[in-house]
Amino acid sequence: MAGQSDPHLSIFSPSEVEFVAEDEIIEIVPNIRMEALNMICGDFGPFFPQIASKVPLWLAVALKKRGKCTIRTPDWMTVDRLTQVLDAERESPKEFQPLPFHYIEISKLLFDHARDDISDAYLVRSLIEDIRDVRFHKVETGLETISGRTHAVKLKNLSAMEVNIIRPFMVRTLQAFYKHDSPQMIQQADNIGSRPTPVTDRGPRVSFQFYAYEYFSFSTEVY
Amino acid sequence: MSSWEDEDSAAAAAEAATTDVELLKRAWRNEKASPEILRFDFPLVSRVREQIQLLEETLDDFAEGGVDDLVVSLYQMDLDRTLFLIRSYLRLRLQKIEKYMMHISKSEDLLNRLSQQEQRFVKSCTEIMEKHLEQSVLSKLPYGYDSVTRQSLSSTEDDMVPEPQLNTFVFCKTKSDVGAFQLDDIGEEVVDLVADDLYVLRYKSIKGLVESGQIDLI
C-alpha cells in the first residue's frame, strides 16, 4: 500500500473548531428576567436584569442577537492587554505568548454579534489581526526548520484555530520526513556503537524552540 | 508538598465536575484525530442518549404548555448541539469501521472496542463486501488469485487489507505531567511532557497515554 495517511477523517472544519470554542464561558449582563436553564451541557441562570452572569458563548450570542443582554468583553480583549501581547510577540521570535486557546474564534464571534459592547472595537480588531500575523509568521519560520531528525514538535501556547490551519501541512511534512529519513537515523546509531554519543554530533534535533532555553536540542552551535 | 495535594484534589474535583457533554466532546475530538478506532464509551453514550430523550420530551411539554419562545429556542439549541456531537461521533466511528472493516474483523482487541451494534455492522459489512467481490471479480480470476485478502497464493500474509496508519503525527495536549517519555523503541527519542502543553507527536508512541486519558488529541 502507498502508505500515505488519509487526512480526510482527521480534518476539523473551521466551523467545527468554532463549535468547540462556543462552549467557552463568557460574562453577560442580561436586561430581562429569566428562570434557570437546566440544559444537558450545564445549568445556568437564573437571570436578573443588570446582574452579570456567566454562560457559554453560544448562549451569550443567542441572547445578544435577540437583544436580551449585553456581553462583557473578556479581560484579555482590551487595547492595553492586547498591545502588551503584541509587543511581547514581536520581541520573542521563538515563543508564543499565552492567549486563550480559542482567542480567534471568541473574538470573531464577538465582533460579528456584539461589536457595540467592545470598547475601541476597531483598534482591538486590528491588534488581534496583527497578533495573528506575527504568530503565523513564527509558525512559518519554524516550519522551515523541520528535518528528518525532528521526532516531536512542541508548540506551547499555540491556539486552536492556528493548530487547525497548519495541521494538514505539518502532519504531511513530519510524516514524509519520518518515512524517508528514519532508516538513516537508525543506521547512524548503529555506527556510533556503545560509547556515549558526543552531543555535538547530533545536529539539529528539533525544529521549534519556543522557550528561552534550548529544549530538545542539546547543542547551541547548531544555530 | 501541600500545594501538590491541593492541585490533586482540585484536579479531582474538576474531573468530577466534568459534564457529559465535555466528556463527549473529548471523545469526539480524540476519535476525529486518531488514525485508528478507539474504545466505544458505552456508559457515556447511553447517559447522553437518556438526557437527549428527556430534553426532547421536556420540549414537547413546553410547546404545549406555552412556555416563553426564547426559553424553548435556547433549550432547542442545547439539544441540537448535543445531537450534533453524538451523531458526528457515531458517524466518525462508522466511517473508520467501513474503511478498515477487514482489519478490524481480524483482531479480537479491535472488535472489543466496538459497541454491540457496531460489531453487527462490521460483520454484515464484511459479508456483503466479500460476497460482492467474489461475485463480480474474484470468481472470474484464476485459481490462486481469488482471495479477498491476499494478492496471490504466494503472499505470506493478508496484504490486501487496509490498515490504519498508526505512525501518523497527531496534535495533542497533555492534561497532567507525564515526565520523561520515550517515543520510540530504541530509546533515542525522549521527550519531557509537561502538563497542559501542545505537542505534535507520532500517534503510536502516545497510544497508551491517550487511552489512559493523560493526553488529549486535538
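None of these values were measured; they are calculated from a predicted model.

### Some thoughts on the overall build of chain B
- Scanning chain B from terminus to terminus reveals 8 helices and 5 strands.
- Its helices and strands taken in sequence order, chain B reads α-α-α-α-α-α-α-β-β-β-β-α-β from the N to the C terminus.
- Taking 17 Å as the expected radius of gyration for a compact globule of 218 residues, we find that chain B reaches 23 Å, considerably beyond that expectation.
- Over its C-alpha atoms, taken along the principal directions, chain B stretches across nearly 70 × 55 × 25 Å.
- The buried share of chain B, reckoned over its 218 residues, is 42%.
- Sequence-distant contacts in chain B: of pairs separated by 6 or more residues, those separated by 24 or more amount to 60%.
- A total accessible area of about 12,000 Å² is found for chain B, and carbon and sulfur atoms account for 51% of it.
- Here chain B carries 25 positive and 42 negative side-chain charges, and the mean point of each set is 7 Å from the other.

### Some remarks on the packing of aromatic side chains
- For the structure shown, the criterion picks out 8 aromatic pairs over all chains.
- Seen from their ring centres, A:Phe19 and B:Trp28 are 6.3 Å apart, and the 75 degrees between their planes marks the pair as edge-to-face. Separated into two different chains, A:Phe19 in helix H1 (residues 14-21) and B:Trp28 in helix H2 (residues 20-33) make up a pair that spans both.
- Residue classification places A:Phe19 among the buried positions, given a relative accessible area of 10%.
- For B:Trp28, a relative accessible area of 0% gives the class buried.
- One aromatic cluster is present, built from ring pairs that chain together A:Phe12, A:Phe19, B:Trp28 and B:Phe84.
- Over the ring of A:Phe12 we find B:Lys32, and its NZ or CZ is 5.2 Å from the ring centre.

### Things to note about the confidence of the model for chain B
All names here are of chain B.
- Mean pLDDT for chain B: 85, with 90% of residues reaching 70 or above.
- The spread of mean pLDDT over the elements of chain B runs between helix H1 (residues 2-16), the lowest at 50, and helix H4 (residues 69-99), the highest at 94.
- Scored as a complex, the prediction yields pTM 0.82 and ipTM 0.84.

### Section: the sheet that holds strand E5 (residues 215-217) of chain B
- Pairing is antiparallel in the open sheet, where 4 strands are placed in the order E6(A)-E4(B)-E1(B)-E5(B). Each edge of the open sheet is held by one strand with a lone partner, namely strand E6 (153-154) of chain A together with E5 of chain B.
- Sheet analysis places E6(A) next to strand E4 (residues 198-202) of chain B, joined by 2 bridges and oriented antiparallel. When the bridges of E4(B) are listed, A:Lys154 appears paired with B:Tyr199.
- Packing against the sheet, H2(B) makes contact with strand E1 (169-174) and E5 of chain B, and its axis sits at approximately 65 degrees to E5(B).

### What to know about the nonpolar core
- Of all hydrophobic cores here, the largest spans 86 residues; its most connected members are A:Leu37, A:Leu59, A:Leu110, A:Leu155, A:Met170 and B:Phe171.
- No other element matches the 10 residues that H4(B) contributes to this core.
- B:Val170, B:Phe181, B:Tyr203 and B:Leu217 belong to the second-largest nonpolar core, a separate cluster that totals 17 residues.

### Points about the environment of B:Arg87
- Looking at the secondary structure, you find B:Arg87 in helix H4.
- Once the C-alpha coordinates of B:Arg87 and B:Trp28 are considered, the two residues, 59 residues apart in sequence, prove to be 9.8 Å apart.

### Topic: helix H7 (residues 116-136) of chain B
Residues and elements named next belong to chain B.
- If you check H7, its first and last C-alpha atoms are 30 Å apart, about what 21 residues at 1.5 Å a residue would give, namely 30 Å.
- By the burial criterion, the buried members of H7 are Glu118, Val122, Cys125 and Thr126. Looking straight down H7, one finds its buried side chains confined to an arc of 95 degrees; they lie on one side. Opposite its buried face, H7 presents the exposed residues Gln116, Arg120, Lys123, Ile128, Lys131 and Gln135, each directed more than 90 degrees away.
- Summarising the contacts, the buried residues of H7 are in contact with H4, helix H5 (101-106) and helix H6 (108-111).

### So, the interface of chain A and chain B
- Taken together, the contact pairs 50 residues of chain A with 47 residues of chain B.
- Buried surface at the junction of chain A and chain B, both sides included, amounts to about 4,700 Å², of which 65% is carbon and sulfur.
- The tally of links between chain A and chain B comes to 6 salt bridges.
- Close ionic contact of A:Glu22 with B:Arg81 constitutes a salt bridge, the shortest N to O distance being 2.6 Å.
- The interface formed by chain A and chain B includes 15 residue pairs in polar contact (both at pLDDT 80 or more).

### With respect to the pattern of salt bridges
- Per the stated rule, a full pass over the model turns up 25 salt bridges over all chains.
- Notably, a salt bridge pairs A:Arg135 with A:Glu162, separated by 3.0 Å at the nearest N-O pair. Taken together, the residues span a long stretch of sequence, with A:Arg135 in helix H5 (residues 121-143) and A:Glu162 in helix H6 (residues 160-192) at a distance of 27 residues. As far as the burial class goes, A:Arg135 and A:Glu162 line up, both buried.
- With a closest N to O distance of 3.7 Å, B:Arg26 and B:Asp216 form a salt bridge. Of the two residues, B:Arg26 is situated in helix H2 and B:Asp216 in strand E5; the sequence distance between them amounts to 190 residues.
- Exposure remark for B:Arg26: the relative accessible area of 23% places this residue in the partly exposed category.
- Classification of B:Asp216 as buried rests on a relative accessible area of 15%.
- Here the salt bridges do not stand alone but share partners, grouping A:Glu22, A:Asp23, B:Glu22, B:Lys25 and B:Arg81 into one network.

The rules behind the values
- Residues numbered from 1 in each chain as written.
- Chains lettered and ligands numbered in written order.
- Predicted model: local features only at pLDDT ≥ 70, side-chain atom pairs only at ≥ 80, totals over all residues.
- Heavy atoms only, no water.
- Helix = DSSP H or I, 4+ residues; strand = E, 2+ residues; numbered from the N terminus.
- Rg over C-alpha atoms; globule rule 2.2 N^0.38 Å.
- Buried < 20%, exposed > 50% of the residue type's maximum accessible area, 1.4 Å probe, protein only.
- Contact = heavy atoms within 4.5 Å.
- Areas by Shrake-Rupley, 256 points an atom, 1.4 Å probe, with all protein chains shown as cover.
- Lys, Arg positive; Asp, Glu negative; His and termini not counted.
- Charge placed at Lys NZ, Arg CZ, Asp CG, Glu CD.
- Phe/Tyr/Trp six-rings, centres within 6.5 Å; stacked < 30°, edge-to-face > 60°.
- Lys NZ or Arg CZ within 6 Å of the ring centre and 35° of its normal.
- pLDDT = per-residue confidence, 0-100.
- Pairing = 2+ DSSP bridges.
- Axes fitted to C-alpha atoms, helices over the stretch in contact; angles between N-to-C directions.
- Core = buried A, V, L, I, M, F, W, Y, C linked by side-chain atoms within 4.5 Å.
- Expected span 1.5 Å × (residues − 1).
- Arc of directions from axis to C-beta.
- Buried area = accessible area lost by both parts, 1.4 Å probe.
- Salt bridge = Lys/Arg side-chain N within 4 Å of Asp/Glu carboxyl O.
- Polar contact = N/O pair within 3.5 Å; in protein donor to acceptor, adjacent residues only side chain to side chain.

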